[in-house]
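# Structural description and commentary
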Amino acid sequence: MTPFESTAQMPDPQLLEAPPAVARIAAFAAAARPQRLAPDVRQLLKRNILDNLGCAIAALPGPPFQALREQFEEYRAPGRCTLIGGGKTSPDQAALFNSSLVRYVDLLDSYMSPGGLCHPGDNFGTVLAAAEHVAASGEDFMLALAVAYEIQCRFTAVVPVMAKGFNHAIQLAISASASAGRLFGLSAGQIANAIAIATVDNISLACVHAEPVSQWKGFSPGMTGMRAVYAASLAKRSFTGPSGLFEGPSGLERMFGQAIPADWDDPSLEFVKQTVLKKYCSLIHGQPVLEAVLDLKRRNNLSAADVEHVRCDIFQTGFDIAGGGGFGSKDHPQTKEQADYNLKYLIAAALLDDQVGPAQLEPARVRAPDAQALLARVEIRPDGNFTARYPQELNARVTIRTKAARVFVKEQLGYEGGLANPLSWDRTVEKFHWLSEAFADAELRHALVRAVQQLDARPLSELMDLLAEVRPTAAFPTAHPGIQ
């Protein structure tokens, strides 16, 4: 030891002997077995799978998806992977397309943590593409999806990713590449390389959520999935990635300024129990707000024309992201991407249309004079008590003052779809029919529900064949008003 060194600077020998985090995550992914999927976990996975499919089908008419099809044609990549709504392409492009569909209408599942959140459903399109590429069984697909949910949520639970200025596509790169590698039959060492390759170039910034919110908010996860599939394929061909991704010089631990203490020796696959679902096309923070607004409106027979002013008190994170706080002003939304991250607009849409679904995110609806006029009368405020209970509870208080000087107040503690009041299988089926009825007739919709119910006992190809029959544009009459 030189005079300039101290024992405090010497590495801990035990730490030097411990395998790097990428190796431990890879070992966890490789060791996962179907026996770890308890009956209640399987049922929740099926619920979330059906929810992801409904979200994806509802997004099919979105203009970006025609643009993606044109891009796939330009960068032609023949393959055997199904695009939801018809067509075949390579696994990486299918991962981009189907992952982006799931995210587009902002109705997918979430996992909440003190320093942010993630959307485990962002893994769905990537794992689906990887599984179809290798002709996996439905059981193999479900297990790989459970592994992806577990990895992404475990990371999110111990690192306040968004609070540190980063976006949750970082941990998605880890989870999606690990599960793709598992499905591709990679060894644990190869999966570790896939994780490192996919993640080192996927350092995503939280500014993707800041105003003016761009289209990339919804497509960044799809691009992450595309890279994850490609990285797993490279690792299969002996490409290596940096083993010090986490704890090495200038790795993730330095970037986040903390250790990442997830227990990768724990073989459980139960984080799906902590996921929450949505009823309204809105960021997760808006779910209690919209439930309160619609309850006040319906219970008191209010019309938008009656409303003089609305005040919404909400936890600080909801205010910052969607209420005009740290992520920017919410006074003049113009696009779909701005609308679903804007509590002022979402409240106005609920009062005007008695629902917040895909139709309320159409740019013409967002820009309509009645919506713009009403949102100008909505005020969003942070509330200290609600902030203290977040993210264990997502609460809000809505106060509506009418032109006749009547005042209606509701304090909304939680929401249907949250941990305290989870969305049941039957309610998820109801949501699926609402979202998909314009693109699939009743026979096909019921066949899709059955395919998901029986997924762990059937080939995945049966589900994929049904998804190829879904129409890419609205073709059938609609009757479901939404999940009320």
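As the structure is a computational prediction, the values presented were derived from the model and not from experiment. (Residues numbered from 1 in each chain as written. Predicted model: local features only at pLDDT ≥ 70, side-chain atom pairs only at ≥ 80, totals over all residues. Heavy atoms only, no water.)

### Comments concerning the pairing of strand β7 (residues 395–402)
In this structure, strand β5 (residues 307–314) lies alongside β7, joined through 7 bridges in antiparallel fashion. Looking across to β7, one finds that V307 is bridged to T402. Pairing of β7 with strand β8 (residues 407–413) involves 7 bridges; the strand directions are antiparallel. Each residue of the ladder has a partner; that of R397, found in β8, is E411. (Pairing = 2+ DSSP bridges. Helix = DSSP H or I, 4+ residues; strand = E, 2+ residues; numbered from the N terminus.)

### Comments concerning a negative patch on the surface
Negative charge collects at one region of the surface, where D441, E443, D465 and E469 lie side by side. By the secondary structure assignment, D441 is in the loop between α19 (425–436) and α20 (442–453). Take D441: its relative accessible area is 33%, and that puts it in the partly exposed class. (Patch = residues over 30% accessible without salt bridge, like charges linked within 9 Å, V, L, I, M, F, W, Y side chains within 5 Å. Areas by Shrake-Rupley, 256 points an atom, 1.4 Å probe, with all protein chains shown as cover. Salt bridge = Lys/Arg side-chain N within 4 Å of Asp/Glu carboxyl O. Lys, Arg positive; Asp, Glu negative; His and termini not counted. Charge placed at Lys NZ, Arg CZ, Asp CG, Glu CD. Buried < 20%, exposed > 50% of the residue type's maximum accessible area, 1.4 Å probe, protein only.)

### Observations concerning helix α21 (residues 460–469)
Since the α-helix advances by 3.6 residues per turn, residues separated by three or four positions end up pointing in the same direction. Listed as buried for α21 are L460, L463, M464, L466 and L467. Burial along α21 is one-sided: seen end-on, the buried residues are contained in an arc of 160°. Summarising the contacts, the buried residues of α21 are in contact with α3 (39–58), β1 (81–82), α6 (124–133), α7 (138–158) and α20. (Arc of directions from axis to C-beta. Contact = heavy atoms within 4.5 Å.)

### With respect to the sheet that holds β7
Strand order across the open sheet formed by 4 strands is β6-β5-β7-β8, with mixed pairing between neighbours. The open sheet has two free edges, formed respectively by β6 (378–382) and β8, since each of these has just one partner strand. Geometrically, the sheet is characterised by an average inter-axis angle of 15° between neighbouring strands, direction not taken into account. Docked against the sheet, helix α12 (residues 287–299) engages β5, β7 and β8, running at close to 140° with respect to β8. (Axes fitted to C-alpha atoms, helices over the stretch in contact; angles between N-to-C directions.)

### Let's talk about α19
Helix length check: α19, at 12 residues, gives a terminal C-alpha distance of 16 Å against a target of 16 Å (1.5 Å per residue), a fit within 8%. Taking burial as the measure, the 12 residues of α19 include 10 buried ones, the bulk of the element. For α19, the set of buried residues is W425, R427, T428, V429, K431, F432, H433, W434, L435 and S436. (Expected span 1.5 Å × (residues − 1).)

### Re the nonpolar core
In this structure, F141 and F246 are the most contacted members of the largest nonpolar core, which totals 156 residues. Of the residues forming this core, the biggest block, 11 residues, is contributed by α7. Once residues within four sequence positions are removed from consideration, F246 is found in contact with A21, V22, I25, F155, I174, G251, L252, E253 and I260. (Core = buried A, V, L, I, M, F, W, Y, C linked by side-chain atoms within 4.5 Å.)

### Topic: unusual backbone geometry
Peptide bonds are mostly trans, and most non-glycine residues show a negative phi. Cis peptide bonds are those with omega within 30 degrees of zero, and the linkage from E211 to P212 qualifies with -5°. Positionally, P212 belongs in the loop between α9 (188–200) and α10 (216–236). Of note, the bond from Y390 into P391 is cis; its omega dihedral lies within 30 degrees of zero at 5°. Backbone geometry at D106 places phi at a positive 55°, although glycine is not the residue there. Of note, D106 is situated in the loop between α5 (91–104) and β3 (111–113).

### Here's the deal with the confidence of the model for the chain
Across the chain, the average pLDDT comes to 94, with 96% of residues at or above 70. Throughout residues 1–16 the model reports pLDDT below 50, and contacts reaching past four residues in sequence, or to other chains, amount to 5 contacts. (pLDDT = per-residue confidence, 0-100.)

### Description of the environment of R311
Inspection of the secondary structure puts R311 in strand β5. The partly exposed category is assigned to R311, whose relative accessible area is 30%. Linking R311 and R381, residues 70 residues apart in sequence, is a C-alpha distance of 7.5 Å. Every residue in contact with R311, bar those within four places of it in the chain, is listed here: E379, R381, R397, V398 and T399. At 3.0 Å, the side chain of R311 and the side chain of D313 are in polar contact. (Polar contact = N/O pair within 3.5 Å; in protein donor to acceptor, adjacent residues only side chain to side chain.)

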